[in-house]
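Residue-level structure breakdown
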Amino acid sequence: MRILLSNDDGYFAPGLERLAATLAQHAEITVVAPERDRSGASNSLTLDRPLTVRRAPNGFLFVNGTPTDCVHLAVTGLLDHLPDMVISGINLGANMGDDTIYSGTVAAATEGYLLGIPSIAVSLASKVGRHFETAANVVVQLLQRQREQPSGAWLLNVNVPDVPASELKGRRVTRLGKRHKAEPVIKTQTPRGETCYWVGAAGAAADAGEGTDFHAVERGLVSVTPLQMDLTHHAEMARVNAWLAARTQEAPA
């Protein structure tokens, strides 16, 4: 199999290096990743300037753009053959619930999916990053399953507890949970006395009940969430149609 690897932490990230080394034993690997940390870049494409592609000493290709740029360039021009799968990660930190809207890790996999390629975003649910090998082994298992039973083009968001592989409690197919609103921005000053702001931390989980990604990871399970790109709120279509069709009553003279 040919696998395209990318991420949003940058081509030098330890999670990407571990994943590439592990998967190289099982497939033909090409790495195309951002030149720097692009966490939170979401699905943005760079359209206001040209992009450059360079090769790092370890053989990885890196792009002065977003995770979406990396996958788009690779699939539509850089590679001689289409990859059989796009894998994004291993991200340092979970991408669960509302995080998936902002995540560059998920965005890289999404671009592969939109281009018709089975794609997986994988994140280690920790800010410490002790057990990247656990997440890498989970990806190998998913790769083997894809070989045995090809899935077609779907998009999976995978979050792995940061524990030794022997301590995982299994896998669970989940839905996205939901966070509370984000913490307030942090107001500070530059050395020149200018006011600046840091975006606040993500809020705590608001919907973390059974069946959610939060619930699974908290219990030591690998969370596997199938995602879709149809943003249509189908349940609201009839109500919006009625709202648009309603005649406004004329005010009395």
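Since the structure is predicted, the reported quantities are computational estimates derived from the model, not experimental observations.

Counting residues in each nonpolar core, the largest one holds 29 residues, and the members touching the most others are Leu5, Leu19, Leu23, Ile87, Val122 and Val158. Among the elements that line this core, the one with the most residues is helix α5 (residues 132-148), at eight residues. Contact partners of Val122, with chain neighbours within four places excluded, come to Leu19, Ile87, Ser88, Gly89, Ile90, Asn91, Thr105, Ala135, Val139, Val158 and Val160. Listed in part, the eleven residues of the second largest apolar core include Val71, Val86, Ala108 and Ile117.

Attention now moves to the packing of aromatic side chains. Under the criterion given, the structure shown has two aromatic pairs. Taking 5.5 Å as the distance between ring centres and 70° as the angle between the ring planes, the aromatic pair formed by Tyr11 and Phe12 counts as edge-to-face. Accessibility expressed as a relative area gives 21% for Tyr11, which makes it partly exposed. Judged by its relative accessible area of 44%, Phe12 is partly exposed.

To continue, consider the pairing of strand β11 (residues 195-198). The side chains of a regular strand alternate between the sheet's two faces. Note that strand β10 (residues 186-189) and β11 share four bridges and pair antiparallel. Counted as the bridge partner of Ile186 is Trp198 from β11. Between β10 and β11, which pair antiparallel one after the other, the connecting turn spans five residues, and Gly193 there sits at a positive phi close to 85°.

Under the definition given, this model contains four salt bridges. For Glu133, the salt bridge identified is with Arg18, shortest N-O distance 3.6 Å. With Glu133 in helix α5 and Arg18 in helix α1 (residues 14-23), the pair connects residues that are 115 residues apart, well separated along the chain. Assessed through its relative accessible area of 28%, Glu133 is described here as partly exposed. The class for Arg18 is partly exposed, based on a relative accessible area of 37%. The salt bridge partner of Glu236 is Arg239, with a shortest N-O separation of 2.9 Å.

Moving on, we come to the side chain of Asp8. Here Asp8 lies in the loop between β1 (2-6) and α1. Comment: no salt bridge for buried Asp8; closest opposite-charge side chain is Lys127, at 8.6 Å. Among the polar contacts listed, one links the side chain of Asp8 to the backbone nitrogen of Gly104, at a separation of 3.3 Å. Looking at Asp8, its side chain comes within polar contact range of the side chain of Thr105, at 3.1 Å. Here Asp8 is in contact with Pro34, Arg36, Asp37, Arg38, Ser39, Gly40, Pro67, Asn91, Ser103, Gly104 and Thr105, once residues within four sequence places are set aside.

So, on to the environment of Asp37. If you trace the backbone, Asp37 turns up in the loop between β2 (28-34) and β3 (53-55). Residue Asp37 is classed as partly exposed on the basis of its relative accessible area of 43%. Between the C-alpha atoms of Asp37 and Leu4, which are 33 residues apart in sequence, the distance is 19 Å. With sequence-adjacent residues up to four places away left out, Asp37 is seen in contact with Asp8, Asp9, Gly10 and Phe12. At 2.7 Å, the side chain of Asp37 forms a polar contact with the side chain of Ser39.

Attention now goes to a nonpolar patch on the surface. Together, Val240, Trp243 and Leu244 give the surface a local cluster of nonpolar side chains, amounting to about 370 Å² of exposed area. Looking at the element boundaries, Trp243 is found in helix α7 (residues 237-245).

Further remarks concern the pairing of strand β13 (residues 222-227). Within β13, five of the six residues are buried, which leaves the element mostly enclosed by the surrounding structure. With five bridges connecting them, strand β7 (residues 155-161) and β13 associate as antiparallel partners. Within the sheet, the bridge partner assigned to Leu156 lies in β13 and is Pro226. Both strand β8 (residues 171-173) and β13 contribute to a ladder of three bridges, which runs parallel. Bridge pairing in β13 places Val173 opposite Val224.

Attention shifts here to the side chain of Asp69. With respect to the helices and strands, Asp69 occurs in helix α2 (residues 67-78). Summary of buried charges: Asp69 has no salt-bridge partner, and the nearest side chain of opposite charge, Arg49, is 5.8 Å away. Dropping the residues within four chain positions of it, Asp69 is found in contact with Ser44, Leu45, Thr46 and Leu51.

Reading guide: rules and limits
- Residues numbered from 1 in each chain as written.
- Predicted model: local features only at pLDDT ≥ 70, side-chain atom pairs only at ≥ 80, totals over all residues.
- Heavy atoms only, no water.
- Core = buried A, V, L, I, M, F, W, Y, C linked by side-chain atoms within 4.5 Å.
- Buried < 20%, exposed > 50% of the residue type's maximum accessible area, 1.4 Å probe, protein only.
- Helix = DSSP H or I, 4+ residues; strand = E, 2+ residues; numbered from the N terminus.
- Contact = heavy atoms within 4.5 Å.
- Phe/Tyr/Trp six-rings, centres within 6.5 Å; stacked < 30°, edge-to-face > 60°.
- Pairing = 2+ DSSP bridges.
- Salt bridge = Lys/Arg side-chain N within 4 Å of Asp/Glu carboxyl O.
- Lys, Arg positive; Asp, Glu negative; His and termini not counted.
- Polar contact = N/O pair within 3.5 Å; in protein donor to acceptor, adjacent residues only side chain to side chain.
- Patch = residues over 30% accessible without salt bridge, like charges linked within 9 Å, V, L, I, M, F, W, Y side chains within 5 Å.
- Areas by Shrake-Rupley, 256 points an atom, 1.4 Å probe, with all protein chains shown as cover.

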